[in-house]
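Observations on the model geometry
Letter by letter, the chains look like this.
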Amino acid sequence: MRARKVAAAALTTFVLAVAPSVGTAALVPTQLPDAAAQPDSSVGDSSGTTSAVPDTPMTQDGNPFLTLSIETVAPSTVTTSSDPFVTVRATVTNTGDRRVDDVSVRMQAAAAVDTTAGLRTSLTLEQDRFDRFGEFVTVADSLEEDESRQFDMSMQLRSTTEPSLGIEAPGVYPLLLNVNGTPEYGGTARLDDARFLLPVVGLPRNPGEMDPTAPGAMPLPPNTRNPVAMTVLWPLADIPRLAAGIPGSVDERVRLIDDELAGELATGGRLDTLLKAVEFATQPGLDPDGRLASSLCIGLDPDLLVTVSNMTRGYLVVDNPADPAGATREGTGSEAASQWLSRLETIASSTCVTAMPFAQTDLGAVADIGNPTLLSSAVSAPADIVDGILGITSTRGFTWSTTGGVDADTADALRSAGTGTVLVADNSISPPTSAPTSLLVSSETQPSETQPSETQQTETLAATHYDAATAAALAGVGDGPSTPALTPSEQRFDLATDSRTARLQDALGGCELPCARRHRSARAHRHRRRPRSTGPRAETNRRRFCRRCPRCCVPAWRRRGHCPSCLPNPPRAPR
């Protein structure tokens, strides 16, 4: 297994599975991971990661002989209308200190991910756990130092006549490209691999089945009878860019420490793309009944909103961020800021909006200071700022913890600031609970077994949970991948070793997993063993399995286990 490292905590899009149950958890500092105390680790920092000894040969300088990078995956999500095979385009590069001969690659797959933690841990499995594989294909007879070779590799999803990935049902599957080679003065060895997740929503027709009418040859669609309820929180945030101590005024334009925000607001920039995604997904042609729009809530950092609003009136960029009162130059993003803010106002007028803590502040640090005015500026005032700039009424009483968790003191502070619900990672709750929401109480006040008293109700704080592993997968997307602070050590790895495409695939897998698990659950229920239709237990089985015939909709198992209306041609048992 490759040695993998951890990246920094960052905001990401959280996808929440919604259910009606509510749990109760005690918020005890000795049990709850202290998010505020956890250091941010940048990409490439090896601290806090699961240690592993690399099992691939290295040069004397500690560099790999070959590096494999995934560029495209087609299809990125498998559906019933997809091609019956997966094609990966990748590039292998000689990053060693000598020539490498006989460079060959094969594709491998592991069993489907069955837990949200598996979204992360499946990407660090030993190579032999990817036990479905094809043949090695030579992609380069030799590669000199710093030489690269691009190649395409395809493999069947399922087949009974040739090697395949062995994918027989919808799910999220870990895939691996394994590259072998022979370094000069050495022997043949595995020199690198590249891993990613492949979400399979539905299976296309199996071309390898000899009988095209056989059940195994038919497309396998997803189970849509009981869809998974989701709430999507879509953050729009940025790092603080206002120059310290120069807030701007009627006579003086605002100053920024750099002009990078202009590029993010312009066409193709990060913030433009985030807003464009909401506009595209909620347009009437794609969301005619408004179900997606009604399940979406935009999280806005008021610091970003204040900055963009000031940019629309013209602004200056300081030459030296350490000297905010020094020399400046004209900013270039006024027009882009105006257009972006106008589009946001249109979206916000018909979409749920909630204000995030100002400048993504560390709520634990603010609570430790114990200043009510500072706490109000961080938690309560942001809603007023958002409402004033956009001309809307945002959702209040809801606080998004940017670190993923809160300790007991922070919960008390949020409660005093008027917060009724806080959004936290599911692994920040102690004791763990599978419920989507909890009532957080301080260590001094534990809930009674019966209905909580009025006093207890005033001392509790509702917590809505998001899946930490899914959030970690989503946080790895883009040019600045990161790992949230509360990610367990066994789920941490070096995001710098994965290509942007591979990280995007991992995020897609995280979004698909709840639906895939629902499909497997329904499939397992359909394949439950049929009861005996004769013998002393037949009557008991008939009462226990009250099934209906798939042909005529009358109770089956009455006569020899078959529906009398369909005899003498009883229907096949569902596959």
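Fair warning: this is a prediction, and the values are worked out from it, not measured in the lab. For every chain, the first residue of its written sequence is number 1, and the numbers climb from 1 along that sequence. Local features are withheld for residues below a pLDDT of 70 in this predicted model, meaning they are given only at 70 or higher, and side-chain atom pairs are given and counted only at 80 or more; totals for whole chains, interfaces and linings count all residues. Side-chain numbers come from the whole structure's heavy atoms, not from hydrogens or water.

Quick look at the overall build of the chain
Put simply, the test is: A run of H or I in DSSP counts as a helix once it spans at least four residues, and a run of E counts as a strand once it spans at least two, with each numbered from the N terminus. The buried label applies to any residue whose accessible area, calculated with a 1.4 Å probe on protein chains only, is under 20% of its type's maximum; exposed applies above 50%, and partly exposed to all values in between. The contact rule is simple, with two residues in contact once any of their heavy atoms fall within 4.5 Å. Each accessible area is a Shrake-Rupley estimate made with a 1.4 Å probe; only the visible protein chains count as cover when residues are assessed.
Along the chain, the regular secondary structure elements total 13 helices and 20 strands. Within the chain, the proportion of its 575 residues that are buried is 47%. In the chain, 73% of the contacts between residues at least 6 apart in sequence involve partners at least 24 apart. Carbon and sulfur atoms make up 51% of the accessible area of the chain, which totals about 27200 Å².

Structural notes on the side chain of Asp-303
Note the threshold: Charged-residue counts in this description rest on Lys and Arg as positive and Asp and Glu as negative, His and the chain ends being excluded. Each salt bridge in this description consists of a side-chain nitrogen of Lys or Arg and a carboxyl oxygen of Asp or Glu lying within 4 Å of one another.
With respect to the secondary-structure elements, Asp-303 resides in helix H5 (residues 302-311). Buried within the structure, Asp-303 lacks any salt-bridge partner; its nearest side chain of opposite charge belongs to Arg-241, at an N-O separation of 7.9 Å. Excluding anything up to four places from it in sequence, Asp-303 contacts Ile-239, Pro-240, Arg-241, Leu-242, Phe-358 and Ala-359.

Description of the state of the cysteines
This is how it is decided: Disulfide assignment relies on a single distance test, namely cysteine sulfur atoms paired within 2.5 Å.
As enumerated under the stated definition, the model contains one disulfide in all. There is a disulfide in this structure between Cys-297 and Cys-352, and the S-S distance comes to 2.1 Å. Taking the sign of the torsion about the S-S bond as the criterion, the disulfide between Cys-297 and Cys-352, at about -55°, is left-handed. Residue Cys-297 is located in strand E13 (residues 296-300), and its partner Cys-352 is located in strand E16 (residues 352-355); the two are separated by 55 residues in the primary sequence.

A short note on unusual backbone geometry
Here the bond from Ala-74 into Pro-75 is cis, since omega is -5°, no more than 30 degrees from zero. Within the secondary structure layout, Pro-75 lies in the loop between strand E3 (66-74) and strand E4 (85-94). Note that the residue after Ser-430, namely Pro-431, is joined by a cis bond; omega there is 0°. Topologically, Pro-431 is positioned in the loop between strand E18 (421-425) and strand E19 (437-441). Located in the positive-phi region is Asp-102, a residue other than glycine, with phi close to 50°. Mapped onto the elements of the fold, Asp-102 is located in strand E5 (residues 100-109).

Topic: the confidence of the model for the chain
Basically, it comes down to this: Here pLDDT means the predictor's own confidence in every residue, given as a number from 0 to 100.
Summing up the model confidence of the chain, the mean pLDDT is 79 and the portion of residues at 70 or higher is 75%. Low pLDDT (under 50) marks residues 1-54, which in the prediction has 169 contacts with non-local residues, meaning those over four places away or in another chain.

Things to note about the sheet that holds strand E14 (residues 315-318)
To be explicit about the condition: Whether two strands pair comes down to DSSP finding at least two bridges between them. In this description, a line fitted to the C-alpha atoms serves as the axis of each element, helices being fitted only across the stretch in contact, and the angle between N-to-C directions of two axes falls anywhere from 0 to 180 degrees.
Strand order in the open sheet formed by three strands is E12-E14-E15, and the pairing between neighbours is mixed. Strands with a single pairing partner mark the edges of an open sheet, and in this sheet they are strand E12 (254-256) and strand E15 (328-330). Geometrically, the sheet is characterised by an average inter-axis angle of 40° between neighbouring strands, direction not taken into account. With three bridges joining them, E14 and E15 adopt antiparallel strand pairing. For Leu-316, the partnering residue across the bridge sits in E15 and is Glu-330.

What about the packing of aromatic side chains?
Two numbers describe a pair of aromatic rings. These are the distance of the centres and the angle of the planes. Which entries qualify depends on this criterion: Pairing of aromatic side chains requires ring centres within 6.5 Å, counting the rings of Phe and Tyr and the six-membered ring of Trp. Pairs whose planes differ by under 30 degrees are stacked, by over 60 edge-to-face, and all others tilted. For a Lys NZ or an Arg CZ to count as sitting over a ring, it must be within 6 Å of the ring centre and within 35 degrees of the ring normal.
By the definition in use, this model includes zero aromatic pairs. Over the aromatic face of Phe-133 sits the side chain of Arg-106, whose NZ or CZ is 4.2 Å from the ring centroid.

Thoughts on the pairing of E5
Judged by how many residues are buried, E5 sits mostly within the fold: nine of 10 residues are covered. By the bridge criterion, five bridges tie E5 to strand E7 (residues 137-143) in an arrangement that is antiparallel. Within E7, the position partnered with Ser-104 by the bridge is Thr-138. Strand direction decides the pairing type here: E5 and strand E9 (residues 171-183), joined by eight bridges, are antiparallel. Across the sheet, the residue bridging to Ser-104 is Asn-180, located in E9. Of the strand pairs in this sheet, E5 and strand E6 (residues 132-133) are connected by two bridges, and their pairing is antiparallel. Across the sheet, residue Ala-109 finds its bridge partner in E6, namely Arg-132.

Notes on the packing of H5 against helix H8 (residues 372-390)
Worth spelling out the cut-off: In this scheme the crossing of two helices becomes right-handed for a clockwise turn of the near helix relative to the far one and left-handed for an anticlockwise turn of less than a right angle. Residues are sorted three ways: Asp, Glu, Lys and Arg are charged, Ala, Val, Leu, Ile, Met, Phe, Trp, Tyr, Cys and Pro are nonpolar, and all the rest, Gly among them, are polar.
Their axes nearest at 9 Å, the elements H5 and H8 cross at an angle of 35°. Once H5 is placed against H8, the crossing between them reads as left-handed. Residue-level inspection shows Pro-302, Leu-305, Val-306 and Ser-309 of H5 in contact with H8, the latter providing Pro-382, Ile-385, Val-386, Ile-389 and Leu-390. When its residues are assigned to classes, the contact of H5 with H8 shows eight nonpolar, one polar and no charged.

A short note on helix H9 (residues 408-416)
The set of residues buried in H9 consists of Ala-408, Thr-410, Ala-411, Ala-413, Leu-414 and Arg-415. Where H9 terminates, the next one or two residues include Gly-418, which has phi positive at roughly 95°.

Describing the pattern of salt bridges
Under the definition given, this model contains 22 salt bridges. For Asp-272, the salt bridge identified is with Arg-343, shortest N-O distance 2.7 Å. Residue Asp-272 is located in helix H3 (residues 270-281), and its partner Arg-343 is located in helix H6 (residues 334-348); the two are separated by 71 residues in the primary sequence. Each of Asp-238, Arg-241, Asp-258, Glu-260, Glu-264 and Arg-270 takes part in a single network of salt bridges with overlapping partners.

What about the sheet that holds E4?
Here we have three strands laid out as an open sheet, ordered E3-E4-E8, and antiparallel in their pairing. Taken across any chain shown, the strands that pair with only one partner, and hence form the sheet edges, are E3 and strand E8 (148-156). When the angles between neighbouring strand axes are averaged without regard to direction, this sheet yields 25°. Inspection of the sheet shows E4 paired to E8 by nine bridges, in the antiparallel sense.

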